[in-house]
Amino acid sequence: MQFLILALLLLLIQQLPTDNTPPTCEAVRLNAELPGGGDVSSYTVDGLTVLYLAEQDTNDVLELYATSLDGGEPFKLNDTLTEGGDVLPGYRLHNNHALYLADQRANNVEELFSVPLDGGESTRLNAEVSADSGSDVLDYQPLGNYVIYRADQDNNTVDELYTVRVDGRDAPVKLNRVLAPGGDVLPGYLISDRRVIYLADQNHNNVFELFSVPYRGGEVTQLNIPIDPDVGSDILDYIVLDDRVIYRGDQDTNDVEELYSVPVEGGEPAKLNGEMTRGGNVLPGSYQIFGDRVIFLADQNRNTTVELFSNHFAGDDLQQLNGDLTPGGDVRNYLIGNGVIVYIADQDTNEVYELYSVPVEGGEPIKLNAELPAGANVIDAVINEDTVIYRADQDTNDVVELFSVPVTGGDPVKLNGDIISSGDVQADYAISGNYVIYRADQENNTVYELYAARIAGGEATKLNGDLPPGGDVGDFQISGNRVIYYAEQNANDQFELFSVQIVAGGAPALLNLPPVEGGDVLDYTATANHVIYLADQDENQVQELYSVSLDCADVAEVGESAILADFVPRIEQSIIADDETNPQTLQWTVTVTNEGRSPGFDITVIYRPSVEMRIEDVTASLGMLETEEALISLQVDQLNPGEALILTVEASITYTDTDLRSVTCVSAPGIIPTCEVTSF
């Protein structure tokens, strides 16, 4: 028996005074000067490149342009358009090429073009079509060095599938076989690793079946069993994995929609559902994949009673996942977690929807929500690793609030703050690390504001600034440690863009430049380091495209208001190690004190013991309010009886300071800590 002395690291965090004035950001306009009546119509971002569609050169003529995310001279990608021609929405970047559809050569004849981003003329990818043929390219998908597209290229009104190299160096190759008279390839073809899967009435008109073909062309394989054209059956929908296709259809019995699994290269389909009751079906859009299993909803056992099932790809392990349903009960929907299915059902009481979890292979379901008041329901949920976050009027009927609970069950924790009787948490909540970001009229009815709450519980923090009368937060996007949100924060009926740190909080940064009277931000996309947005910022009713770097929120120089950390080791607890027991668990408490300044820090402490191969690193996350404690456990798995272990501990701390920078400090007992400050 040995005594092991562990050091407690007391972390004293002090801050120098800071200025709470919102940082000022300088947005850059990405488009060139527009003619009278011109607008930027849409945009897409890929890495550091922005493509946008605009009437930039000529009013009422939409053309395609490219520019850098940081701004610069935009350049036109399409060739000169015929009179009346336009570039259509649906353009994209792929393999350093821009792909787009346009009636570039003849008005109302929509063709597929590719143009290298490093300069050069555009290349038509589809085969030649005549101006009076009525033929068009309908849609396309890139795959490696190829583009798959659907067009009535060879015969007007007959939609077929083709493949072509993205640079257009070779002629297109038709992928489908000869179609039956009146037959077409349907939209929504999908791509696996090296094959294209498509639905077509290829064998018989109006009998839609499922086919697979190599993406560069070759032998076409029918995936479903052949369907008798006189029966009226069809393949209805499907999903594609790298090596397998899951599809739904009334393949065996007309109007009985069942679920099947088949290798992507063909083979004998395996039926995944069990024997269907009269009138039963697998529900459309209800099937998903987890590992080598398919999860689906069906009224398999009793018509109109929807239940939850799981089966192996081979169809040899069908499991009902929900518990016995009360008369009238149904499974409404489900989520897939790490080996666990979480579902919402009125399983115990008809019309009372509650939250349950069950292993994906089947087992006894566990109810996750607390007891509900009369009239209350669980509304929706998301899974975050081993925790479920859900909305429910669990405490008060018709007051929708936000809760978290372990996926294996336990006591739910309310995440939102005190909410007024007419308030609700909205449906667009999202997870960011250890936090949930949500909108709610928590303090004033119909005034929607933005909050962050720790998933483990604690006081929720308001992220937006003060709103004027009538103002709201409209929506938000998460970018790393920030939330970008769209709000009438400065003036009612004027939507602008703001950035705020999730953990550190502080004054939100205004991202757009002040708009003219009547101007608004209309649409935006947050990337890792930039926000791209459409706005009539400079002239009312003239929609233009802007980019702003999120570094604008990190304006403080290193050292201006750095947090000073001092590690003071002291003996907290002595542990008696049992000579006969391995492994041994050693525990002590660490306290982090914030000295009453800037609540909202998120501090992670990593303990690295000095004895290698015997004790694993331990991480503890501490949410800073005034003072918070965390119980730290180390497990010793190789102590021999009678062996003495001298333990020293190094701590690495990462947190976010009030100037929105990442601060990492490292210390060991008796060593002055060193800190590195990094702007996001």
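Remember, it's a predicted structure, so these values are computed and weren't measured experimentally. (Residues numbered from 1 in each chain as written. Predicted model: local features only at pLDDT ≥ 70, side-chain atom pairs only at ≥ 80, totals over all residues. Heavy atoms only, no water.)

Caption draft 1: Structural detail: the overall build of the protein chain. From N to C terminus, the protein chain includes zero helices and 53 strands. Taking all 680 residues of the protein chain together, the buried fraction comes to 52%. Accessible surface computed for the protein chain: about 29300 Å², of which carbon and sulfur atoms make up 46%. (Helix = DSSP H or I, 4+ residues; strand = E, 2+ residues; numbered from the N terminus. Buried < 20%, exposed > 50% of the residue type's maximum accessible area, 1.4 Å probe, protein only. Areas by Shrake-Rupley, 256 points an atom, 1.4 Å probe, with all protein chains shown as cover.)

Caption draft 2: Examining the nonpolar core more closely. Of all hydrophobic cores here, the largest spans 30 residues; its most connected members are Leu161, Val196, Ile197, Tyr198, Leu210, Tyr238 and Val245. Of all the secondary structure elements, the ones that give two or more residues to this core are strand E12 (146-151), strand E16 (195-204), strand E17 (207-214), strand E19 (235-240), strand E20 (244-249) and strand E21 (258-263). The greatest single-element share of this core, amounting to five residues, is contributed by E16. Setting aside residues up to four positions removed in sequence, isoleucine 197 forms contacts with Tyr189, Leu190, Leu210, Phe211, Ser212, Leu223, Tyr238, Val240, Val245 and Val264. In this structure, Ile484, Ala526, Tyr546 and Leu550 belong to the second largest nonpolar core, which totals 17 residues. (Core = buried A, V, L, I, M, F, W, Y, C linked by side-chain atoms within 4.5 Å. Contact = heavy atoms within 4.5 Å.)

Caption draft 3: Local environment of the packing of aromatic side chains. In total, this model carries 14 aromatic pairs according to the counting rule given. Taken together, the ring pairs in this structure connect Tyr486, Phe495 and Tyr524 into an aromatic cluster. When the ring centre of tyrosine 353 is taken as reference, the NZ or CZ atom of arginine 332 above it lies at 3.7 Å. (Phe/Tyr/Trp six-rings, centres within 6.5 Å; stacked < 30°, edge-to-face > 60°. Lys NZ or Arg CZ within 6 Å of the ring centre and 35° of its normal.)

Caption draft 4: The sheet that holds strand E18 (residues 221-222), seen in detail. If you trace the four strands from one edge of the open sheet to the other, you get E15-E16-E17-E18, paired in antiparallel fashion. Of all the strands in the sheet, the pair left with one neighbour each is strand E15 (190-191) and E18. Across two bridges, E15 lies against E16 in antiparallel orientation. Paired with leucine 190 across the bridge in E16 is isoleucine 197. (Pairing = 2+ DSSP bridges.)

Caption draft 5: View of the pairing of strand E31 (residues 378-384). As paired elements, E31 and strand E32 (residues 387-392) share six bridges and run antiparallel to each other. Considered in E32, the bridge of isoleucine 383 is made with valine 388. Hairpin connection, E31 to E32: the antiparallel pair is bridged by two residues, and glutamate 385 has positive phi, about 55 degrees.

Caption draft 6: How the structure looks around the environment of alanine 66. Assignment of secondary structure puts alanine 66 in strand E5 (residues 63-68). For alanine 66, a relative accessible area of 1% corresponds to the buried category. In the structure, alanine 66 is positioned 36 residues away from leucine 30 in sequence and 9.1 Å away in space, judged by C-alpha atoms. Each residue touching alanine 66, except ones within four places of it in the same chain, is listed here: Val50, Leu51, Glu73, Pro74, Phe75, Leu77 and Leu117.

Caption draft 7: Structural detail: the side chain of glutamine 537. Following the sequence through the fold, glutamine 537 ends up in the loop between strand E44 (530-535) and strand E45 (544-549). Accessibility expressed as a relative area gives 2% for glutamine 537, which makes it buried. Those residues within four positions of glutamine 537 in sequence are excluded, and the remaining contacts are Asn512, Leu513, Pro514, Pro515, Val516 and Tyr546.

Caption draft 8: Up close: the side chain of aspartate 159. Considering the arrangement of structural elements, one finds aspartate 159 in the loop between E12 and strand E13 (160-165). Judged by relative accessible area, which is 17%, aspartate 159 ranks as buried. Residues in contact with aspartate 159, not counting those within four places in the same chain, are Leu138, Arg150, Ala151, Asp152, Leu179, Asp184 and Val185.

Caption draft 9: Structural detail: the pattern of salt bridges. A full pass over the atoms with the stated rule returns 27 salt bridges. Here arginine 169 and aspartate 167 are joined by a salt bridge, their closest N and O atoms 2.8 Å apart. Each of Arg105, Glu111, Arg124 and Glu128 takes part in a single network of salt bridges with overlapping partners. (Salt bridge = Lys/Arg side-chain N within 4 Å of Asp/Glu carboxyl O.)

Caption draft 10: Focus on the sheet that holds strand E10 (residues 123-124). Across the sheet, four strands lie side by side as E7-E8-E9-E10; this open sheet has antiparallel pairing. The open sheet has two free edges, formed respectively by strand E7 (92-94) and E10, since each of these has just one partner strand. Two strands pair when backbone bridges link them, and E7 and strand E8 (residues 97-102) are joined in this way by three bridges, in the antiparallel orientation. Among the inter-strand pairings, arginine 92 is bridged to a residue of E8, identified as leucine 99.

Caption draft 11: Geometry of the layout of surface pockets. The space that makes up the second largest pocket amounts to roughly 290 Å³. Lining of the second largest pocket is provided by 14 residues; of these, Asp386, Thr387, Asn434, Ile455 and Ala456 occupy positions nearest its centre. Per-element tally for the lining of the second largest pocket: the top contributor is strand E33 (residues 401-406), with three residues. Taken together, the residues of the lining of the second largest pocket break down into five nonpolar, five polar and four charged. (1 Å grid on protein atoms, 1.4 Å probe; cavity = no way out; pocket = protein on both sides within 12 Å on 5 of 7 lines; lining within 4 Å. Points joined across faces, edges and corners; volume = space filled by probe spheres on them. Nonpolar A, V, L, I, M, F, W, Y, C, P; charged D, E, K, R; others polar.)

Caption draft 12: Structural context of the environment of alanine 98. Within the secondary structure, alanine 98 is located in strand E8. Spatially, the C-alpha atoms of alanine 98 and serine 114 are 5.6 Å apart, while their sequence positions differ by 16 residues.

Caption draft 13: Representation of the pairing of strand E37 (residues 449-454). In terms of residue burial, E37 counts as a mostly covered element, since six of its six residues are buried. Residues of E37 alternate between two faces, with Glu449, Tyr451 and Ala453 on one and Leu450, Ala452 and Arg454 on the opposite face, all of them buried. Alignment of strand E36 (residues 435-440) against E37, held across six bridges, turns out to be antiparallel. Following the sheet pairing, alanine 440 is matched in E37 by glutamate 449. The pairing of E37 with strand E38 (residues 461-462) spans two bridges and is antiparallel. Along E38, the bridge assignment pairs tyrosine 451 with lysine 462. Here E37 folds back onto E38, and the loop between the two strands holds six residues, one of which, glycine 457, carries a positive phi near 105 degrees.

Caption draft 14: Spatial organisation of the environment of threonine 49. Structurally, threonine 49 is set in strand E4 (residues 49-54). Spatially, the C-alpha atoms of threonine 49 and leucine 117 are 9.4 Å apart, while their sequence positions differ by 68 residues. Excluding anything up to four places from it in sequence, threonine 49 contacts Thr44, Thr67, Leu93 and Leu117.

So far we have only geometry, and geometry alone does not tell us how the molecule works.
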